[in-house]
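Structural description and commentary
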Amino acid sequence: MIVSIDTNSGFCFGVTRAIKAAESELQNGALYCLGDIVHNGQEVARLEMKGLATIDYDDLRTLPSHSRVLLRAHGEPPSTYWIAQQRGIEIIDATCPVVKKLQDRIRACYEQHRNDENLPPQIVIYGQPGHAEVIGLQGQTNNTAIVIENTDQLDRLNFNRPIYLFSQTTKSVEGFQNLVEAINSSIINHKSSIVPEVHDTICRSVANRVKELQAFARANDIVIFVGGAKSSNARVLYKNCVEVNPNTIFISSPDELENFKSKIINHKSTNPDLQVGICGATSTPLWLMEAVRDKIINEQ
Ligand code: SF4
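What counts as what
Residues numbered from 1 in each chain as written. Predicted model: local features only at pLDDT ≥ 70, side-chain atom pairs only at ≥ 80, totals over all residues. Heavy atoms only, no water. Helix = DSSP H or I, 4+ residues; strand = E, 2+ residues; numbered from the N terminus. Expected span 1.5 Å × (residues − 1). Near = heavy atom within 4 Å. 1 Å grid on protein atoms, 1.4 Å probe; cavity = no way out; pocket = protein on both sides within 12 Å on 5 of 7 lines; lining within 4 Å. Sits in = over half its atoms within 2 Å of the grid points. Nonpolar A, V, L, I, M, F, W, Y, C, P; charged D, E, K, R; others polar. Core = buried A, V, L, I, M, F, W, Y, C linked by side-chain atoms within 4.5 Å. Buried < 20%, exposed > 50% of the residue type's maximum accessible area, 1.4 Å probe, protein only. Contact = heavy atoms within 4.5 Å. Pairing = 2+ DSSP bridges. Phe/Tyr/Trp six-rings, centres within 6.5 Å; stacked < 30°, edge-to-face > 60°.

**Structural notes on helix α7 (residues 173–189)**
When the terminal C-alpha atoms of α7 are compared, their 24 Å separation across 17 residues agrees well with the 24 Å that a helix rising 1.5 Å per residue should span. Of the residues flanking the end of α7, it is Lys 191, one or two places downstream, whose phi is positive at about 50 degrees.

This is how it looks when you write it as structure tokens:
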């Protein structure tokens with residue numbers, strides 16, 4: 001049996017940068033992180049062992065002044081900065097520069113069009129409602145942006161008003177293109193003459209992974225996708241693997257391999273040269289994929 005790890009899997013630039021910032025700032029004393037620093041329980045636990053304390057918005061409102069709070073790669077709405085300022089909290093801003101740029105673009109669009117029709121501009125975000133990055137993006141529009149997750153939700157749009165479309169950075173390019181096509185069809189069906197302003201703001205550090213990941217999944221007999229249960233990027237990339245290799249297993253930790261042991265043994269009994277590929281999301285640490293690999297090798 002050959003077991004290999006996908007060299008293109010693992011933390012993206014933004015997450016790596018936020019974790020480095022946390023590790024460096026922890027050397028200067030107590031540090032809080034607003035929300036999980038990454039959608040991966042094991043990595044959160046590793047940093048908590050080093051002293052990082054994960055807090056929520058309620059905690060933020062009660063922290064003593066001069067506390068130091070790290071903002072993760074997903075970014076935050078303006079209200080978070082305002083609360084911190086009111087409470088005298090020091091912000092260590094590890095928002096990914098790609099997300100920051102997107103926030104700025106959405107805010108600029110909102111400011112430019114906020115007085116156009118005596119109505120908030122119809123800013124549409126293709127994204128997952130309630131996702132931390134999306135909350136940060138909505139905040140740039142005074143929470144007036146409409147979040148659309150799929151084409152079934154288009155009845156929430158007014159096709160006779162201008163549409164400004166953006167995307168959460170981790171959504172799929174294909175899903176975004178489908179949405180654009182569906183919006184254009186709806187405009188025609190409504191006999192409207194508007195031309196939507198389309199901003200493809202999907203992060204290529206994620207989007208470009210799909211092809212490489214699918215090539216890796218195809219090249220292996222069994223694929224073990226390691227990802228956090230809370231990670232939307234993990235769900236998207238896992239689906240991409242399943243599309244090309246139905247023998248793809250999703251696990252969050254090496255312990256969960258137990259549930260699939262018989263499946264791996266069955267495959268091995270019919271194919272002694274079985275190739276097992278381990279891959280993960282942008283939030284999956286390399287050390288976790290290595291732990292999965294070691295468990296498979298040690299237990300075969
Ligand atoms: S996926 Fe892209 S935009 Fe999102 S944190 Fe990673 S590098 Fe930044």
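**Side note on the site of the ligand**
Taken together, the neighbourhood of the ligand is formed by Cys 12, Gly 14, Cys 96, Val 98, Val 99, Thr 169, Thr 170, Cys 203 and Val 206. Taking a 2 Å distance to the grid points as the criterion, the majority of the atoms of the ligand fall inside the second largest pocket. The residue makeup of the shell around the ligand, split by class, is six nonpolar, three polar and no charged.

**Details of the nonpolar core**
With 19 residues, the main nonpolar core has Ile 19, Leu 31, Ile 37, Val 38, Leu 52 and Leu 70 as its most contacted residues. Broken down by secondary-structure element, the contributors of at least two residues to this core are α1 (13–26), β2 (31–34) and α2 (41–49). Apart from residues lying up to four places away in sequence, Leu 70 is in contact with Ala 18, Ala 21, Ala 22, Leu 31, Tyr 32, Cys 33, Leu 34, Ile 37, Ile 92 and Ala 94. Core analysis: the next-biggest nonpolar cluster, separate from the first, contains 18 residues, Tyr 126, Ile 148, Ile 187 and Ile 194 among them.

**What to know about the pairing of strand β4 (residues 68–71)**
Side-chain alternation along β4 places Arg 68 and Leu 70 on one buried face and Val 69 and Leu 71 on a second face that is also buried. Pairing of β2 with β4 involves two bridges; the strand directions are parallel. Its bridge partner being in β4, Cys 33 is matched across the sheet by Leu 70. Judged from the four bridges that link them, β4 and strand β5 (residues 90–93) form a sheet pairing that is parallel. When the bridges of β5 are listed, Leu 71 appears paired with Asp 93.

**Examining unusual backbone geometry**
Positive phi is not limited to glycine here, since Asn 118 has a value of about 55 degrees. If you trace the backbone, Asn 118 turns up in the loop between α5 (97–113) and β6 (122–126).

**Concerning the packing of aromatic side chains**
Under the criterion given, the structure shown has four aromatic pairs. Aromatic pair Phe 225 and Tyr 238: ring centres 6.1 Å apart, planes at 65 degrees, arrangement edge-to-face. Taken as a pair, Phe 225 in strand β10 (residues 222–226) and Tyr 238 in helix α10 (residues 232–244) lie far apart in primary sequence, 13 residues in all. Judged by its relative accessible area of 25%, Tyr 238 is partly exposed. Measuring from ring centre to ring centre gives 5.8 Å for Phe 225 and Phe 250, while their planes differ by 20 degrees; the resulting arrangement is stacked. Linking Phe 225 in strand β10 with Phe 250 in strand β11 (residues 248–251), this pair joins segments that are 25 residues apart in sequence.

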